[in-house]
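# Architecture and fold: a report
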Amino acid sequence: MFLQKAWRSASFGVYGYLHFMKSGFLEHSKKFKEEDMQIRIDGKNCVVTGANSGIGYATAEALASRGANVYMVCRNKERGEAAVSKVQSVTGNQNVYLEVCDLSSLSDIKSCASKFSSKEQPVHILVNNAGLLEQKRIITPEGLELNFAVNVAGTFAITELMVPLLEKAAPDARVITVSSGGMYTSPLTTDLQFSESKFDGTLQYARNKRVQVALTEKWTELYSNRGIGFYSMHPGWVETPGVAKSLPEFSERLSGKLRTSEEGADTVVWLALQPKEKLVSGAFYFDRAEAPKHLPFAGTSSSHALIDSIVESLHSLCSLS
């Protein structure tokens with residue numbers, strides 16, 4: 001077990017250094033097709049969580065610039081209002097709206113989803129971008145470990161609650177979940193809230209991101225016959241306010257070598273724009289291409305068999321029928 005963990009960590013470090021930084025993006029971008037990003041999505045309703053900064057903001061701006069109606073889901077009202085105003089100003093698109101919602105609160109998420117339902121509008125694209133890496137064990141008022149609450153319970157709840165609205169946009173509806181290359185370092189585990197005595201925020205984040213990839217596979221199995229495509233993706237190592245706060249040493253050490261928020265959001269936007277026949281529902285994407293979900297000899301692939309019991313637990317924890 002120790003050797004396998006060490007191998008995962010080492011192979012992830014090498015793989016990441018070669019591919020995940022700005023240099024990797026610049027190399028991979030040589031194969032990008034300019035016309036892929038010239039597609040308009042006028043009038044499509046797009047919901048982006050964690051949208052006031054970083055990858056979420058870059059995604060919202062890119063979708064708005066292509067004519068979408070963008071709903072920016074943000075925890076902080078003031079920062080959210082400033083972000084919405086900036087997107088409207090930069091893109092000239094006034095159909096950009098703020099939805100205030102704390103993704104660590106299931107109560108907030110249910111209220112937010114209810115508001116969307118009352119609009120009786122289809123949701124064409126849901127981008128699950130909101131994420132958190134908190135190094136200390138913090139328990140939310142609802143009794144959930146904070147990283148898990150945002151990254152897993154929040155992502156699960158908002159997606160499940162949006163399914164009826166996504167169905168209204170079938171057959172072109174899609175859900176794009178922003179995972180992380182950190183998931184390569186961890187198999188799936190049913191210990192969702194990290195019960196071990198010594199809390200490790202970075203490991204918990206990696207576990208959370210592995211759950212997101214496995215959930216994308218499960219949602220494809222459950223809902224793809226309803227005209228909804230599900231995709232997870234990895235943005236690379238990106239210089240964002242969240243990374244600077246959560247991983248200050250990493251951020252400082254690689255300063256100038258990390259990707260911009262726009263480069264991190266590139267594949268999210270690409271997934272939002274492409275015809276669905278070009279994409280594989282349930283797949284994991286990186287730099288506009290389908291990517292492996294497991295590193296060689298890492299021993300993580302068989303763990304995805306646990307996803308059914310995890311989904312059962314999530315339904316119970318989130319009080320979803």
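Residues numbered from 1 in each chain as written. Predicted model: local features only at pLDDT ≥ 70, side-chain atom pairs only at ≥ 80, totals over all residues. Heavy atoms only, no water.

Per an unreviewed UniProt entry, the recorded name for the protein chain is Short-chain dehydrogenase/reductase SDR, and the organism is Macleaya cordata.

It is possible for side chains of opposite charge to pair when their charged atoms get near one another. Throughout the structure, instances matching the rule amount to 16 salt bridges. Note that Glu-81 and Lys-77 form a salt bridge whose closest N and O atoms lie 2.7 Å from each other. With Glu-81 and Lys-77 both in helix 4 (residues 77–91) and 4 residues apart, this pair spans about one turn of that helix. Two residues, Glu-99 and Lys-119, come together in a salt bridge whose shortest N-O distance is 3.5 Å. With Glu-99 in strand 3 (residues 96–100) and Lys-119 in helix 5 (residues 106–119), the pair connects residues that are 20 residues apart, well separated along the chain. On the basis of relative accessible area, Glu-99 is assigned to the buried category, the value being 7%. Residues participating in the shared-partner salt-bridge network are Lys-44, Asp-172 and Arg-174. (Salt bridge = Lys/Arg side-chain N within 4 Å of Asp/Glu carboxyl O. Helix = DSSP H or I, 4+ residues; strand = E, 2+ residues; numbered from the N terminus. Buried < 20%, exposed > 50% of the residue type's maximum accessible area, 1.4 Å probe, protein only.)

The probe, sized like a water molecule, is rolled over the atoms to show the empty space still left. Under the definition given, this model contains 3 cavities of 30 Å³ or more. Each pocket or cavity is described by its volume, and for the largest cavity that value is around 40 Å³. Around the largest cavity sit Asn-45, Tyr-71, Phe-116, Lys-119, Gln-121, Pro-122, Val-123 and Leu-165, which together line it. The residue makeup of the lining of the largest cavity, split by class, is 5 nonpolar, 2 polar and 1 charged. (1 Å grid on protein atoms, 1.4 Å probe; cavity = no way out; pocket = protein on both sides within 12 Å on 5 of 7 lines; lining within 4 Å. Points joined across faces, edges and corners; volume = space filled by probe spheres on them. Nonpolar A, V, L, I, M, F, W, Y, C, P; charged D, E, K, R; others polar.)

Another point: the side chain of Arg-66. Looking at the secondary structure, you find Arg-66 in the loop between helix 3 (54–65) and strand 2 (69–74). Among buried Asp, Glu, Lys and Arg side chains, Arg-66 stands out as unpaired, with Asp-266 the closest opposite charge at 7.2 Å. From its side chain, Arg-66 meets the backbone oxygen of Met-37 in a polar contact 3.0 Å long. Within the local environment of Arg-66, its side chain forms a polar contact with the backbone oxygen of Ala-62, the two atoms lying 2.9 Å apart. In this structure, Arg-66 is in contact with Met-37, Ile-39, Arg-40, Ile-41, Asp-42, Val-269 and Leu-273, ignoring residues within four places of it in sequence. (Lys, Arg positive; Asp, Glu negative; His and termini not counted. Polar contact = N/O pair within 3.5 Å; in protein donor to acceptor, adjacent residues only side chain to side chain. Contact = heavy atoms within 4.5 Å.)

On to the nonpolar core, then. Within the largest apolar cluster, 44 residues are counted, with the highest numbers of intra-cluster contacts made by Phe-156, Met-162, Leu-166, Leu-215, Ile-228 and Leu-314. Elements represented by at least two residues in this core include exactly strand 2, helix 5, helix 6 (146–167), strand 5 (173–178), helix 7 (201–223), strand 6 (228–234) and helix 11 (307–317). Excluding residues that lie within four positions of it along the chain, Leu-215 makes contacts with Phe-156, Ile-307, Val-311 and Leu-314. Of all hydrophobic cores here, the second largest spans 33 residues; its members include Tyr-57, Ile-176, Val-269 and Trp-270. (Core = buried A, V, L, I, M, F, W, Y, C linked by side-chain atoms within 4.5 Å.)

A separate point is the environment of Val-70. Inspection of the secondary structure assignment puts Val-70 in strand 2. You can call Val-70 buried: its relative accessible area is 0%. Considered as a pair, Val-70 and Thr-190 are 120 residues apart in the sequence and their alpha carbons are 35 Å apart.

Attention shifts here to the sheet that holds strand 4 (residues 125–128). One open sheet accounts for 8 strands, arranged 3-2-1-4-5-6-7-8; its pairing is mixed. Either end of the sheet is taken by a strand with one partner, and the two such strands are strand 3 and strand 8 (289–291). Across the sheet, the axes of successive neighbouring strands diverge by a mean angle of 25°, strand direction being ignored. Sheet topology places strand 5 next to strand 6; 6 bridges connect them, and they run parallel. Paired with Arg-174 across the strands is Gly-229, a residue of strand 6. The sheet contacts of helix 5 involve strand 1 (45–49), strand 2 and strand 3, and relative to strand 3 the element is tilted by about 140°. Contacts from helix 10 (residues 261–273) reach strand 4, strand 5, strand 6 and strand 7 (284–286) within the one sheet, and its direction differs from that of strand 5 by about 165°. (Pairing = 2+ DSSP bridges. Axes fitted to C-alpha atoms, helices over the stretch in contact; angles between N-to-C directions.)

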